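In case you want the letters, here they are:
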Amino acid sequence: MTPGSTRNGYAPGRLTVHSEPAKLAPVTRALRGAGRKIVLIPTMGALHEGHRELIRHARRIPGSVVPVVSIFVNPLQFAAGEDLDRYPRPLEDDLQVCREEGVDLVFTPQVEHMYPPGSETRIAAGPLGDELEGAARKGHFDGMLTVVAKLLHIVGPDVAVFGEKDYQQLTLVRRMVRDLDFPLRIVGVPTVREDDGMALSSRNAYLDPEQRRAAGVLSRALVAGTSVSARGHDEVLAAARGELASEPDVEVDYLELRDADLGPAPASGAGRLLVAARVGSTRLIDNVPVAF
């Protein structure tokens, strides 16, 4: 066998797909025992250029790295009336993206694998889980942290990579890893954007051409706000609100300025400007760093 490989579960340079936790976990354990560094990229599929950048970032981490991409549409993250049923699931396209990006291991569990009958234990996100996105999507972050905790336990990575587009998610995952003493490092990767600045998202596919044009105001509003950060908090928010008001078909849920850990906005130092809005029936989020 090739050094670091395991029988019936991993072949360097060839994509191997596992759907059962009990079959993937021994493979990653054996790879770690052979000195390989496991890097997990958790996704819900519908992979786009932003996901490709997460994979590429994972591959650039120093050491003998084995990227593991998980593809699982987690029902616990969706409230009643949200888009669970219509969420895109182009598995064959996703696997091709993984092949093109040199991924060796993909984990594609079914719901019954992740939540067997009788499964009741959940992770509580804490107070931040009820703010920002959590205020509009009750229980969303409890469900997200629950599945991330399970993925970390199954895969046992040295590093897990998340995009900064879902900044509240990234912040809460970091807190969970710290608070519950998970033995790994969480890495955030800057948001990948389209040519007009709009953040890449699987939900962008729901937008018709006119909605897509209107949705570009979210990133423009964030740029407008950060461009006047030297003038203080009020000017940042006023500039961003002014830009958002130029698109009446965009229904703003929140525009908030927080510190880098999503606490109150700092008087000086690193902050985060965050926005969420609906365009038609599609909910979109975006954020950027801002310095004071």
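Residues numbered from 1 in each chain as written. Predicted model: local features only at pLDDT ≥ 70, side-chain atom pairs only at ≥ 80, totals over all residues. Heavy atoms only, no water.

What follows deals with the overall build of the chain. When helices and strands are counted, the chain shows 10 helices and 9 strands. In terms of overall size, the chain behaves like a compact globule, its C-alpha atoms giving a radius of gyration of 20 Å where 292 residues would be expected to give roughly 19 Å. Seen along its three principal axes, the alpha-carbon backbone of the chain occupies a region of about 60 × 40 × 40 Å. Classification of the 292 residues of the chain by burial places 54% in the buried group. Put simply, of all contacts in the chain between residues at least 6 apart along the chain, 69% involve residues at least 24 apart. Looking at the chain as shown, the accessible area adds up to about 13300 Å², and 50% of this sits on carbon and sulfur atoms. (Helix = DSSP H or I, 4+ residues; strand = E, 2+ residues; numbered from the N terminus. Rg over C-alpha atoms; globule rule 2.2 N^0.38 Å. Buried < 20%, exposed > 50% of the residue type's maximum accessible area, 1.4 Å probe, protein only. Contact = heavy atoms within 4.5 Å. Areas by Shrake-Rupley, 256 points an atom, 1.4 Å probe, with all protein chains shown as cover.)

To continue, consider the side chain of R212. Looking at the secondary structure, you find R212 in helix α8 (residues 209-215). For R212, a relative accessible area of 18% translates into the label buried. There is a polar contact of 3.0 Å between the side chain of R212 and the side chain of D196. Each residue touching R212, except ones within four places of it in the same chain, is listed here: E194, D196, M198 and L207. (Polar contact = N/O pair within 3.5 Å; in protein donor to acceptor, adjacent residues only side chain to side chain.)

Our next topic: the packing of aromatic side chains. Counted by the stated rule, this structure contains 2 aromatic pairs. Judged by centre distance (6.3 Å) and plane angle (50 degrees), the rings of F72 and Y115 are tilted. Remark: Y115 occurs in the loop between α4 (111-114) and α5 (133-136) and F72 occurs in the loop between β3 (65-71) and α3 (91-100); sequence separation between them is 43 residues. For the pair F72 and Y115, one class covers both residues: buried. (Phe/Tyr/Trp six-rings, centres within 6.5 Å; stacked < 30°, edge-to-face > 60°.)

The sheet built from 6 strands is open, its strands ordered β1-β4-β3-β2-β5-β6 with parallel pairing. The sheet is open, and its two borders are formed by β1 (16-18) and β6 (185-189), each paired with just one other strand. For this sheet, the mean angle separating the axes of adjacent strands, direction not counted, is 25 degrees. Bridge analysis of strand β2 (residues 37-43) against strand β5 (residues 159-163) gives 2 bridges, and the strand direction is parallel. (Pairing = 2+ DSSP bridges. Axes fitted to C-alpha atoms, helices over the stretch in contact; angles between N-to-C directions.)

Here the focus is the environment of V192. Mapping V192 onto the fold places it in the loop between β6 and α8. Sequence separation between V192 and D166 is 26 residues; the distance between their C-alpha atoms is 12 Å. When residues no more than four places from it in sequence are discounted, the contact partners of V192 are E49, G50, E53, M198, A199 and L200.

A separate point is the nonpolar core. One finds M114, V148, L152, V173 and I186 to be the most contacted residues of the largest nonpolar core, which totals 41 residues. Of all the elements in the fold, those that place two or more residues in this core are α1 (21-33), β2, β3, β4 (105-107), α6 (140-155), β5, α7 (167-179) and β8 (270-279). With residues near it in sequence (within four places) discarded, I186 still touches A160, F162, L170, V173, R174 and V177. The next biggest cluster of nonpolar side chains, apart from the first, holds 23 residues, and it includes A214, V217, L237 and L257. (Core = buried A, V, L, I, M, F, W, Y, C linked by side-chain atoms within 4.5 Å.)

Listed under "active site" (unreviewed entry) in the UniProt record, and renumbered for this structure, are H51. Here H51 lies in helix α2 (residues 49-60). Other than its neighbours up to four places away in sequence, H51 contacts T43, G45, A46 and S202. (UniProt positions renumbered as here; feature names shortened; annotations may be inferred.)

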